[in-house]
Amino acid sequence: MENQNLLQNIFLKQFNESNAIAYNRNFVANPSDYNFQLLDNAYRFAGKYYAQIKIAIESNKCQSEDCAFELSQLKRLQEAPKASLDFLASLIAELNTTDEPNFDPNNNYKYTAANSIMMARPGFSKNDGYEVYLDLMQDGSQQIEFRGPVFKKKELVPFQDELVEIDIDDPLIINSASLNALTSSETSLVVSTPDINASMLKLLPDTGLFLQEMINENKELGSNAKISEEFVMKNSDGSFDYEIVDLGNGKGRNVLKYDMKKINQKVSPFVNAEVAGLMGSEQDVVAAWNVYISKDTSVTEDDQMVQNANAAGSSWLYERDLPLSPDKKEIFGIKYKEYFMNNYLNEFTKNQIPTVKEDAAVFDLAEAKKAEAQKFLDDNNLN
Amino acid sequence: MALGTMALIGGGAQVIGGLFGMSSAKKRAEAAAKEKRRLQRKLTNLENNRQEIINPYDGIQDLSSLISNPFANLSVATGAAEMKIEEADISLANTLDTMRATGASAGGATALAQAALRSKKGVAASIEAQEKTNEDKRAAGEQALQQQKMAEAQRLQQADVAGEQFMFSTRESREMQQLDRTAAMLGASRAAEGQAQSDRTGALTGMLGGIASTAGAYIAAKS
């Protein structure tokens, strides 16, 4: 199932984005009927039924005692149009998540297909074999049903002494009461992958690694932001302890060395708090894990690369892995921090040119090595 | 998209437009609620795991027990005085022996004895003077001791006050930051949720007019 979700979601995404349908002569030559008329069909017999009930009540010809049933049905019908609109709006909001650029393809692919139908995308019309029904249920809830080529499943059936695999209908059915219960408890039918880039950019100035004057009024790091000197390695005499980078052609230059242990200690509580915030919605954690964290995928990589990177076995499955086990939560915390360090903090700790002007110049590597050896001799009275 | 979706759902342009407005408002409201919950959990975690406020003056010890009066036990230098008295006694005895051997008069002996007595009185006066000096020094030392003990007590008191002040201001600063953050966060989330809710209501109000044509039959029957 997990592999099917990944493959189908990636296929549907590529199908919708590739414009390939425009080159399908069969599609171009035939009409596309999207006239599902959801509301018209749902309320086709509602008017007649409403009138019958109304007449029964007014003429005192109810079937039930004190017209209790008739009155409840009347109320249901009166509330139904608003409920239909509310339901469809909630459904569209959920299904549209499948269009987000960082959508996790491990979500159920049937929602992606349902979204394509609701958005009347090419290839998802009545002519392509799709149907959608909205039903008003007796209990006052409403139900939408998607049918068509994507909504099938394979099943083995006995045929002449052997098992044969056939496609059988497996419609996607969503009930309004269930959807309402889910969204009221802040759970999504289709999870939107958290904006890791925004969270981590906000996290950077929160860590306390940067001086206040490097943070602008929007609480973002300025373009010239540098990590405070207190996290830079120094010699016992207070001078900077540099790392020498070989620039080639016998030339080198100093770069600042950072106290990564101290930086780690400073950053950890803030990263932990960020992770604790995310853990408020475990389905968000799974999405973030699948799309970014597990493979250390950078947000600068394109969607296809992200999806390909995560198509392997490291993905967590919503159906299988929720609620998250303590070890998965721990792994997420560790990897989230690594991701932050590698993709966001790294640029502030690597190849940072000295702040002391004379130390920042390019120098001859051989001479520098000689001077370093002489300093060692001097410091240790070995001359 | 809108035309296709209109056909798909039915109910006219007013309904479809409202439906999408409502859908997007709903999504924004859900996102705002989710963000509020995320920030609240993050804040709680930060507060629960922040370092304890440490009183930097907590380790200051009362050192007054180490302060003592260096003049408290000054002894009088009686050794030399005793020697002087002994010398005077010996000298008197020797002189008396000589006088006895030479047959000197008793008057000379009396004069000698008086001289010895004067010498002893001088010694006593010297001891008295030393004792007086020592007493003065002891008193001065006691005064200095009391001043130093008072200074130490004041130092401790100031450290206590400074420590309390530091902890109070740090705690107050943290609590203010926390209140500010929470207020800003909740305010923003509430505003976002409220706006989304209002957008949704607006979209729904517009749509209800549109749905009238779709469910026209039974609404007509109702009236």
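For the structure, check the block above.
Residues numbered from 1 in each chain as written. Chains lettered and ligands numbered in written order. Predicted model: local features only at pLDDT ≥ 70, side-chain atom pairs only at ≥ 80, totals over all residues.

J.: Whenever I open this one, the overall build of chain B confuses me. Can you help?
T.: Looking only at helices and strands, chain B features five helices and zero strands. Seen in sequence order, chain B has helices and strands lined up from the N terminus as α-α-α-α-α. By residue count, 14% of the 223 residues in chain B fall in the buried class. For chain B, the share of sequence-separated contacts (at least 6 apart) that also reach a separation of at least 24 residues comes to 88%. (Helix = DSSP H or I, 4+ residues; strand = E, 2+ residues; numbered from the N terminus. Buried ≥ 20, exposed ≤ 12 C-beta atoms within 10 Å, placed from the backbone. Contact = placed C-beta atoms within 7 Å.)

J.: Is there a simple way to explain the overall build of chain A in this structure?
T.: From N to C terminus, chain A includes 14 helices and eight strands. Every one of the 383 residues in chain A was classed for burial, and the buried ones make up 30%. Sequence-distant contacts, at least 24 apart, represent 64% of the contacts inside chain A between residues at least 6 apart.

J.: What's the story with the sheet that holds strand S7 (residues 251-256) of chain A in this structure? I'm lost.
T.: Hydrogen bonding along the main chain pairs the strands of a sheet, whether they run parallel or antiparallel. Residues and elements named next belong to chain A. Pairing is antiparallel across the open sheet formed by three strands, whose spatial order is S6-S7-S8. Looking at strand neighbours, the two that pair on one side only are strand S6 (242-248) and strand S8 (363-364), the edges of this open sheet. Pairing analysis gives six bridges linking S6 to S7, with the strands arranged antiparallel. If you follow Gly 248 over to S7, its bridge partner there is Lys 251. (Pairing = 2+ DSSP bridges.)

J.: How should I be thinking about the sheet that holds strand S1 (residues 131-136) of chain A in this particular structure?
T.: All names here are of chain A. Ordered by their spatial adjacency, three strands build an open sheet running S1-S2-S5, and the pairing between neighbours is antiparallel. Both edges of this open sheet fall to S1 and strand S5 (172-175), since each of them pairs with a single strand only. Across this sheet, the average inter-strand angle for adjacent strands is 15°, counted without regard to direction. Pairing between strand S2 (residues 142-147) and S5: four bridges, direction antiparallel. Among the inter-strand pairings, Ile 144 is bridged to a residue of S5, identified as Ile 174. The sheet strands contacting helix H7 (residues 176-184) are S2 and S5, and the helix crosses S5 at an angle near 70°. (Axes fitted to C-alpha atoms, helices over the stretch in contact; angles between N-to-C directions.)

J.: I keep staring at helix H10 (residues 282-293) of chain A and nothing clicks. Help me out?
T.: Given 3.6 residues per turn, any residue in an α-helix points the same way as the ones three and four places further on. Residue and element names in this part refer to chain A. Here H10 is 12 residues long, yet its end C-alpha atoms lie only 14 Å apart, well below the 16 Å a rise of 1.5 Å per residue gives. For H10, the tally of buried residues reaches 12 of 12 residues, placing the bulk of the element in the interior. Restricting attention to buried positions, one finds in H10 the residues Glu 282, Gln 283, Asp 284, Val 285, Val 286, Ala 287, Ala 288, Trp 289, Asn 290, Val 291, Tyr 292 and Ile 293. (Expected span 1.5 Å × (residues − 1).)

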